[in-house]
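Examining the three-dimensional arrangement
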Amino acid sequence: MKIGVFDSGRGGELVAKELRRILPEHDYIVVNDRAHVPYGSRSDAEIIDLTHHAIAPLFDAGCEIIVIACNTATTVAIDSLRHNFPQIDFIGIEPMIKTADLESNTRRVTVLATPTTLQSLRYHHLKQQYGSSLVFDEPQTDNWASVIEFGDPKTIDFGDVEKSIAHGSDTIVLACTHYLALTEQLHRAFDHVQILEPTKAISKQVARLVAARQAE
Ligand code: DGL
C-alpha cells in the first residue's frame, strides 16, 4: 500500500527509513517543506496552512494513510487535517510521556521538543494525564531543527541535556523527529540513559490501519 509521510524537513526521511525497515512491504512516499523549516517557531495558523499545502502531493499520489511525522505539525494541525480530509487515515506523533511514566525509575525525564510543541495544549494535557508523578526538564533546543536540516548536527551543544541528567533524569524523550538524527550522538554521550523515540509505535499504527483498510 502507498503510505504518505510528511515532516517539515529531514524528520520524515528518518521516520520513513525505520518504517521501510520494519514494514518493507509498503511503498513510502515522503514529502517535506524545507522552504519553511523550522515549523517549531511559527504560529499555529501558519503551521496549519503550511501543512495543508505540503501534504497535497500525497493525495495526488493516492495515499490513503498519511503519517504526520512531525510532533509540531501533529500537535497543531492534526485535528484540522482529520476534519478536512475525513477519507484519509492520519497518524500523528506525540511526545512519549505515557511511556516515560511507565519506564522512568528516577521519575525525572528530559523532553527534547520544539518551542511550539512545548507550548502546545496537547503537550500540557499529556503531562497532566500521564506525567503527574514526573519531573520534566525541557532544555532549550530552539535552533536544533535548523542545524540538523542545514548544518552539522555534531555542532549541537548538549550542555542543558547534561545538566538535566546530572540532576537525575534517566530518560530522554525525543519529541521532534529531526532529533532522530541525534540518537547515536545522545547514546554515546549518555550511555546509561534510555532514549524514547516513536518509530516502533508508528509502525504498529501503520500495520493496524493497513489491516483495517484491507479488511474493508
Ligand atoms: N521535525 C519536526 C517535529 O517533529 C519539527 C522541526 C521543525 O521545527 O520544523 O517537531
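Residues numbered from 1 in each chain as written. Predicted model: local features only at pLDDT ≥ 70, side-chain atom pairs only at ≥ 80, totals over all residues. Heavy atoms only, no water.

A few words now on the sheet that holds strand β7 (residues 171-174). The sheet built from 4 strands is open, its strands ordered β6-β5-β7-β8 with parallel pairing. Among the strands making up the open sheet, the edge pair consists of β6 (135-137) and β8 (194-196). Neighbour-to-neighbour, the strand axes of the sheet open up by a mean angle of 25°, direction not taken into account. Of the strand pairs in this sheet, strand β5 (residues 108-112) and β7 are connected by 4 bridges, and their pairing is parallel. For Val111, the partnering residue across the bridge sits in β7 and is Val173. Across the sheet, helix α8 (residues 159-166) is in contact with β5, β6 and β7; its angle to β5 comes to roughly 165°. (Pairing = 2+ DSSP bridges. Helix = DSSP H or I, 4+ residues; strand = E, 2+ residues; numbered from the N terminus. Axes fitted to C-alpha atoms, helices over the stretch in contact; angles between N-to-C directions. Contact = heavy atoms within 4.5 Å.)

Our next topic: the site of the ligand. Not every one of the 13 residues close to the ligand is listed here, only the nearest: Ser8, Tyr39, Gly40, Thr72 and His178. In the model, an oxygen atom of the ligand is placed 2.8 Å from a nitrogen or oxygen of the Asn71 main chain. Protein coverage of the free-state accessible area of the ligand, which is 300 Å², stands at 100%. In terms of residue class, the shell around the ligand is built from 5 nonpolar, 7 polar and 1 charged. (Near = heavy atom within 4 Å. Polar contact = N/O pair within 3.5 Å; in protein donor to acceptor, adjacent residues only side chain to side chain. Areas by Shrake-Rupley, 256 points an atom, 1.4 Å probe, with all protein chains shown as cover. Nonpolar A, V, L, I, M, F, W, Y, C, P; charged D, E, K, R; others polar.)

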